[in-house]
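# Inside the fold
Residue-level listing of the chains:
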Amino acid sequence: MRTSSIIKFLESVEVFSSFNPNELKYLAIHAQSSQYDFGTAILKAGDPGQGLCLVKSGKVRLFTESEGKEKSFGIRGPGDTFNEISALKETLTEYSVRSSAKTEILFFSREVIMDLLNRNETARHFMTRYVALKVTGGFVTHFFNLRSKVSRTEIQSIIEELGVRRVQAGQEILSQDSAEDRSLYIVRHGEINIVREEEGTTYPLKVLGSGEIFGEKACLKYSVQQASAIAKTDAVLMVVPQKTVHFIIKNNPDIRNVLEDRIAFTEKEIERHRKLAEGRKKGFLFDTRSKSKSGEQIIKRFPFVEQAEQTDCGAACLAMICKHYDIPMTLGKLREMANVTTDGATMDSLARVGESLGFVTKGVKCTYNTLLGFDLPFIAHWEGYHYIVVYGVSKNHVWVADPAVGFKKMSLSAFEKGWTGNCLLFSATDKLAEIAVEQSPWLRFAGYLRPFKKVLLDLFFAALIIQILGLAPPLIIQNILDRVVVHQSPDLLNVMILGLAITMIFSHLTGFLSVYLSNFMIRKLDFNMISHFYKYVLSLPISFFAKRKTGDIIARFHENNTIRRFMTEGSISTVLNTLMIFTYFTVMFIYNVKLTLILLAFVPPIVLLTLAATPKYKDYARRTFYAGADAESMLVETLGSAEIVKGMGVERAMRLKWEKKYSKTLDLRYRAEMFTALVGIFSGVFKAGTHLTLLWVGTRMVLTQELSIGQLMAFNALIGSVMAPIMGMVGIWDELQEALVSMERLGDVLELEPEQKPENISSRVILPDLKGDIRFEDVYFRYGDKTTPYILKNINLEIKAGSTVAVVGRSGSGKSTFANLLMGFYKPADGKIHVDDYDINMLDMEYYRRQIGYVMQTNSLFSGTVSENIAIGDQNPDPRRITEVAKLADAHGFISNLPLGYEQMVGERGTGLSGGQIQRICIARALYHNPGLLIFDEATSALDSESENHIQMSMREILRKRTAVIIAHRLSTIMNADRILVLYKGTIVEQGTHQELFEKGGMYFQLIQKQMGGIEN
Amino acid sequence: MSTLLKIDEEAISADQFIKFLKFSNEFSELMKKLIRNKVTVHAAKKRGITVSTEEVQQMADDFRRCIGLHRAKETHEWIERIGITPEDFETFITEHVFKKKMIDTLTTEEAVAAYFNLNAPRFDTADIKHIVVEGREKAMEFIALLDEEPENFDEFAREYSLDDETKNTGGYIPEVRRGILPDEVEAKVFNASADDILGPFQVGEEELYEIIRVTAIHPARLDKSAREKISEAIYDEWLNERLKEHSVRF
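Residues numbered from 1 in each chain as written. Chains lettered and ligands numbered in written order. Predicted model: local features only at pLDDT ≥ 70, side-chain atom pairs only at ≥ 80, totals over all residues. Heavy atoms only, no water.

Note the threshold: UniProt positions are given in the numbering used here, feature names are shortened, and annotations may be inferred rather than shown by experiment.
In the annotation of an unreviewed UniProt entry, the entry for chain B reads peptidylprolyl isomerase, and the organism field reads Desulfonema magnum. According to the UniProt record, the Catalytic activity (unreviewed entry) comment for chain B is "[protein]-peptidylproline (omega=180) = [protein]-peptidylproline (omega=0)".

Of chain A, the UniProt comment under Subcellular location (unreviewed entry) reads exactly: "Cell membrane".

## Thoughts on the overall build of chain B
Put simply, the rule is: Think of it this way: any DSSP run of H or I at least four residues long counts as a helix, any run of E at least two long counts as a strand, and we number them from the N terminus. Only protein chains enter the accessibility calculation, which uses a 1.4 Å probe; a residue whose area is less than 20% of its type maximum is buried, one above 50% is exposed, and one in between is partly exposed. The contact rule is simple, with two residues in contact once any of their heavy atoms fall within 4.5 Å. Only the protein chains shown count as cover for residues, and all accessible areas are computed by the Shrake-Rupley method using a 1.4 Å probe.
Per the secondary structure count, chain B includes 11 helices and six strands. The buried share of chain B, taken over its 250 residues, is 40%. For chain B, restricting intrachain contacts to residue pairs at least 6 apart in sequence, the fraction spanning at least 24 positions comes to 66%. Accessible surface for chain B amounts to roughly 15,400 Å². Of this, 51% is attributable to carbon and sulfur atoms.

## Re the pattern of salt bridges
Inclusion rule: The salt bridge definition used is simple: a Lys or Arg side-chain nitrogen within 4 Å of an Asp or Glu carboxyl oxygen.
This model, assessed by the stated rule, comprises 50 salt bridges over all chains. Across the pair Lys268(A) and Asp837(A) runs a salt bridge whose closest N-O atoms are separated by 3.9 Å. Here Lys268(A) is found in helix α8 (residues 254-276), whereas its partner Asp837(A) is found in the loop between β29 (830-835) and β30 (838-839), with 569 residues between them in sequence. You can call Lys268(A) partly exposed: its relative accessible area is 30%. A network of salt bridges, in which partner residues are shared, links Lys44(A), Arg61(A), Glu70(A), Arg98(A), Glu137(B), Glu141(B) and Glu148(B).

## With respect to the side chain of Arg110(A)
Examined against the element boundaries, Arg110(A) turns out to sit in helix α3 (residues 110-119). Not counting residues up to four positions away in its chain, the partners in contact with Arg110(A) are Gly49(A), Gln50(A), Gly51(A), Ser86(A), Ala87(A), Leu88(A), Lys89(A) and Glu90(A).

## Quick word on a negative patch on the surface
Formally: The patches reported here contain residues having more than 30% relative accessible area and no salt bridge. Joining distances are 9 Å for like charges and 5 Å for nonpolar side chains (Val, Leu, Ile, Met, Phe, Trp, Tyr). Counting rule applied: Lys, Arg positive; Asp, Glu negative; His and chain ends not counted. Here the site of a charge means atom NZ of a Lys, CZ of an Arg, CG of an Asp or CD of a Glu.
Together, Glu134(B), Glu205(B), Glu206(B) and Glu207(B) line one region of the surface with negative charge. Mapped onto the elements of the fold, Glu207(B) is located in the loop between β5 (197-203) and β6 (208-218).

## Some remarks on the interface of chain A and chain B
Note the cut-off: Summed over both partners, the accessible area (1.4 Å probe) lost when two parts come together is defined as the buried area. Pairs of N or O atoms are called polar contacts if they sit within 3.5 Å, as long as, within protein, a hydrogen donor faces a hydrogen acceptor (for residues adjacent in sequence, only side-chain-to-side-chain pairs). Basically, the charged four are Asp, Glu, Lys and Arg, the nonpolar ten are Ala, Val, Leu, Ile, Met, Phe, Trp, Tyr, Cys and Pro, and anything else, Gly included, counts as polar.
Counting from both sides, the interface comprises 35 residues of chain A and, opposite them, 23 residues of chain B. Roughly 2,400 Å² of surface becomes buried between chain A and chain B when both sides are summed, with 49% attributable to carbon and sulfur atoms. Contact with chain B buries area across many residues of chain A, yet Phe38(A), Tyr984(A) and Gln1006(A) alone supply 24% of it, more than any other trio. Scanning the region where chain A abuts chain B turns up 15 residue pairs in polar contact (both at pLDDT 80 or more). For the side of chain A that touches chain B, the elements supplying multiple residues, two or more each, are β4 (60-66), β5 (69-76), β7 (96-99), β27 (792-799), β37 (987-992) and α33 (1003-1013) of chain A. Ranked by the residues each element gives to the side of chain A that touches chain B, the list is headed by α33(A), at four residues. Classifying every residue of the side of chain A that touches chain B by side-chain character gives 10 nonpolar, 12 polar and 13 charged.

## Topic: the nonpolar core
Residue and element names in this part refer to chain A. The cut-off we apply is this: In plain words, nonpolar cores are sets of buried Ala, Val, Leu, Ile, Met, Phe, Trp, Tyr and Cys residues tied together by side-chain atoms within 4.5 Å.
In terms of nonpolar packing, the biggest core is built from 54 residues, with Phe 445 and Leu 599 touching the most fellow members. Among the secondary structure elements, those contributing two or more residues to this core are α15 (441-449), α16 (453-487), α17 (490-539), α19 (550-591), α20 (593-640), α22 (651-703) and α23 (709-750). Grouped together as the second largest cluster of nonpolar side chains are 52 residues, Ala 316, Met 320, Ile 388 and Leu 424 included.

## A few points about the sheet that holds β7(A)
All names here are of chain A. Put simply, the rule is: Only strands joined by at least two bridges in the DSSP assignment are considered to pair. For every element, the axis is a line fit to its C-alpha atoms; helices are fit only across the contacting stretch, and the angle between N-to-C directions ranges from 0 to 180 degrees.
Taken in spatial order, the four strands make up an open sheet running β2-β7-β4-β5, and their pairing is antiparallel. Bordering the open sheet on either side are β2 (41-43) and β5, each of which pairs with just one other strand. With strand direction ignored, the average angle separating the axes of adjacent strands in the sheet is 35 degrees. Taken together, the four bridges between β4 and β7 define a ladder with antiparallel strand orientation. Bridge pairing in β7 places Leu 62 opposite Val 97.

## Here we look at the sheet that holds β27(A)
Residue and element names in this part refer to chain A. The antiparallel open sheet is built from four strands, whose spatial order is β27-β26-β29-β30. Both outer strands of the open sheet, β27 and β30, are each paired with one neighbouring strand and no more. Pairing analysis gives five bridges linking strand β26 (residues 774-781) to β29, with the strands arranged antiparallel. What sits directly across from Arg 775, in β29, is His 834. Against the sheet, helix α24 (residues 815-822) engages β26, β27 and β29, with an angle of about 120 degrees to β26.

## Describing the environment of Leu888(A)
All names here are of chain A. Position of Leu 888 relative to the elements: it lies in helix α27 (residues 879-888). Looking at Leu 888, the relative accessible area reads 17%, which means it is buried. Each C-alpha atom of the pair Leu 888 and Glu 957 lies 7.6 Å from the other, and the pair is 69 residues apart in sequence. For Leu 888, the contacting residues outside a window of four places in its chain are Leu 927, Ser 954, Glu 957 and Ile 958.

Structure, rendered in C-alpha cells:
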C-alpha cells in the first residue's frame, strides 16, 4: 500500500523520469522515509553525503552559515531533490538543509541508485546531466543572485554555456596582457594565485579561494588581462563565457558593481605593489663547487639571489637566507617588508623582517675571531652601504654571496677591508618551535636541541669515556690487593699506580672538555629559548597583558631554565645511565652472581620509594611556583607604584601583605625541602642497609674463600659507582616531573594565539604609507564573551584621510575603547573596521602601528636620555628632527633648561619631570616618526593651560597632512576639529562641527556648558 | 520601655517591634528613608532655605486632606489615637516642607533640561514585537522565512510564539525602556532601525530563542514621566553626594 503510493509519487518526479516501472518499484522499496517538524536540521554542510534526498511533502531550506550568519540558497518543495551529487559520488555536502515546514524526505542511498544506473544506460545519462544541472545551476543562481530574476529555461541556457576546467598546480590559466580568453572564472575548489609582472618583477596580488572570481576586467571592459592567474594547488574552475556574463549582468545589474569593485581593488593592489616594489627578480643560483675542508665551515649548495638595484641588497640577502632555510617567501614580498624606509633596508629593518619570518635575530658588532663561532649563514654589513651573506668561514678565508656580484671566496684581509664589523645573525629555532605549536610541548622544546645534535653527541661520548674510565679504579684496586699485597710485588704496584694515575688524568681532562662543551651549548640554548619566549610574549595580544600580572609573566621566564636543564643534562644522563647500569651489572655479575643478586633485591624498594614520593613533589613544585609568582607580582606592583605607597603612608601595610605572601612561599619551600630530606633519610637507610648486607655476605664469602679480598673491595667500589646511575635514573624521574610542571606553565602562555600568526605573513597587507582613511561599519565591541556588556554599539563612521575628528563623551562612554579598536589592539565583536580600504584584520599590525602616533593619558618614558626617548626605535636618531618635534610639542623650552638638555637621563616614569612634561615628551615621541594617523587619548590632560595654549598654536602644524583622532575633555582642543563625535554609553549620539552641535543644544551643548560652568554633576 | 501593642496579656514593646523589623528586613529600608529625609532637611537649612508658618499650615492642610481628616476635631483625635503630640506633627510637617522646597530648588526646569540633554538616550523607548520559540534551528528558520516575507511576523507570533502574554497581539510589546532587556538584546534593539529583524537571542539558560522585530524607536522626549524620572535621579545623585558629608552609623 505504502509502496504503491510512493511509486505513484516517484513517477511524477523529474529526477526519476527515465526509470521504468520496475526500477521505480525497486527505488520505492529501498526509499528511506523520514519526517521532520518545522525548523529541524536535516543535513549539515561538511558532512559526507550518502545519497540523494527527495522532498515528498513539505519544504526544506538550503543554506550556508559563516560567522553565525546564514545565507539562504532557497527553498525546495515536493518533487525537488537536494544533495544530488552524492547520488553519484562521495562528496562533502556543500550546504546545510533544514525543514521549513512539516516535511517528509525520501532518501535513496548511493548504492541503490548506482545499482540501477549501472544497468540502465539512458537513465545514467539522464541522471548525470540532471545532477550537473542542479549542482551548477544552484551554484550559478546563488552566485549571481539570479533567483527570481531569470526564468528556469534561461538558467538552463546559462548552464549549457558554462564550462568546468580542472587545472593542475602551477598551470597558468590566464596570462597578463593577453586578450585571448575573456571568460570569467569562478574558483570552485583549490587556490589560485593572481600575480602581476612589471618590468621583470613578479608580485603576488592575491590568493583566491573557493567562490572567488578572476578575469573580471577583460570580461567586463573588453580589455587585456590585468594579471596572470596561476593555479597554486590543483583546482576546479567554472568558466563563464563573456557573452553569458553580459547576459547575467543584464538581468542582475548589481553584478556589474560587484565586478567593478573587484577591478578597482586589483588596480589599487597593483598600485600599492608598484609603490612598494621596484626592480627585478632574478632566479636562484647555487654554489655547488665549494666543499668544506678541515678547519673550514661552509654551507653546501648555498643559494644565490641577485639584487635588482642598489637598494635591494638587503632584501636579496634575506631571500638567500630564506631559500637556505626553505622558507617560501618571494623577493618581492621581502623587499616590501625590508625597504620600508626610503633609503633601502637598514640593519634594523632586516632584523625585524628576520623576526617576522620566525628567526631569532641578533645584530652584533665584533671582530673576525668571534665571527668564527657564529651560526652560518649570516648577513654582514659591507663598506657602509651594502649587505652580503657570509656562508663559509675558515681561519684565512671567507665565502660570501654578494647580491651585486655573486659567489666569492675572499682572503681574510680582503674581507676585513670591506667589512664594517657589523653582522646580523639568524637562528632558526623559532621556526621549529612554531611548527610544533600543535605538537606536544616536548617536540616544541626538543626543536631547540636540534641544532646542537653534534655537541650533544660529543657530550655523550665524553660522559661515556668518563664512565668507562670509572671502571678502571676498582679493577686496579683488586689487582693491588690480590697480587701486590698477597704476592709482595712492588714492581707491579708501580705499574698499577701509574695506570691509575693515567686513567684519572684522562677522566679529569674529558670531564673538563664536557663541561666546556655543555657550557657553550647552554649559553646558546638559554639565549635562544629566553629570547624566543620574550618575542613570543610580546607578540601576544594586548588583552594578555591586561589580564596577567607582571610577576606572573616574569616567573614564567625562569621556567625555561628548568626545561633546558632537563633537556640537556637529563637527555644525556638518561641514555648514559641506562648504558652504565647494564655495563656495571654485567661486570658485577662476572665478579659474583650472589652478591649482585642481593644488590638487585635492594633496588626496587628505593625506586618505589622515590616513585611514591613523586606526586607530592610535583604538587609542592606547583604550589611553590604559584605562591612565588604571587609574591613576585606583589613586589613588582609595589615597587612600580612606590610613590603611591609612600604617599599614602602604607609602606607597612604593603610590606606586611607581601611578607605574608612571601612567607607562604618560603613555608612551602621549607616543607618541600623537609619532605625531600625525609625521603632522603629513607633512601639513605636503604642504601646503608645494602652496603652493610653486602659487606657482611661478602666478607663471609672471603672467609670461605669463595671471593678474594681484592674482589670484595672492587665489588664494593663498584656498588658505589652503580648506585649513582640508579639514583640518577630515579632522579631523572623527579626532574621529569619538574620539567612537566614547567612545561605546563609555559604551555599556558605558548598555547595562546599570537596577535598575528607567523604563517599568515604572506597574506598580511603592509601599508607603505598610511593615509588614515578610516571606516567603521556596524561595529559592536565588548571586552569579554557574550555575558559581558557591549562597550561600543553600532558605530558607523567614516573618517576621511587628513581630517581631524574629536571624540567627546562622559567617562565610561567608550572613548578609550574606540581608540583601542583603532589601534588594532582588539577586534570588533561584530562589524568591520577598514583602514585605507583594507580590513584592519588584514593589516600587518607592526607596520600599521608604527605609522600611528599614539599618546595616552598616562604615559611613561623608558630609561635613557630625552632624545633617546623621543627617537625611540630609531637606530640613527636625527637630532634636527628631535628638536623639531620637541618644539611642536612645546617641549623644547623645558628640555633646553634641563642641566644636560636633550642628553638628560630620565627614568622609567620620567624621574624628575612633571606629568605635563612627560606628556609633552610623549607627544614629541609620537610625532617623531611622522605618523599618518595620530591618536590623542586625553593627551593634553596633564598640561597646564599655558602649555596647552602653546600646543594649540602648533596644533595646525601637528595635524597637517595627517588624520587625527582626538579624545579630549577640553573644549579648546576639540573646537577646531573637522568633526566632533559625541559618545554616550558606546553609541554615537551626535556628530557634526562645533558650531552645528552647539546650535543644536543637545548633549554636546550640555557637556560644554558643564565644562564652562566648571560644575561637575 | 513603652508598650506599643497588647495581644491579650502579651505586651509588645517598641524594642520588640524594632527587632521584628530588623528580622523581617524592613528596618534598614525604613531607616534609609529616615536618613534621607534628615540629610535633606539638614542640607536645606544649611543652604539657608526658610519655611514660613503659612507654608507649614498649607502643607499640614494638604496632608490632612490627603488622609481624609477634614475637621480640626478629627485631626486631634487622629493625633491622639496614634500616640503623638501636636508638636511632633508640626515638626514632621515642617521637615516635609523643607524637603519639598529643597527638591524644588534642585530640580529646576533648567536642571532637568540639562540632565535630560546629557542623558537623553537613557529615556529612549522602543516598540518591538517578538516571537519566542524552542531550539536555535527553529528560530533560524523563522528568521530565514521572515527575511523573505517580513509581513508574516504577526501571524508567526500568533501561531508559534511560546510567549502566551503577547502572542495574541502578534508579539507586540510597546514602549520598552532601556534597562529592561538583556544587555545584548538592548544594544541591538536600540541601535536598529524600524522593521529590522534581530536575533535569535537565547533567553536565559534555556533552549528558548527570541526573534525581535523593531517596529519603532522613539527618541526621548522631555515629557511628564521623563521629568519625574529625571527629578528623582537628580535628587538621588545629589543626596548621595550629601550623604558622603555625614557620618551615618546604625
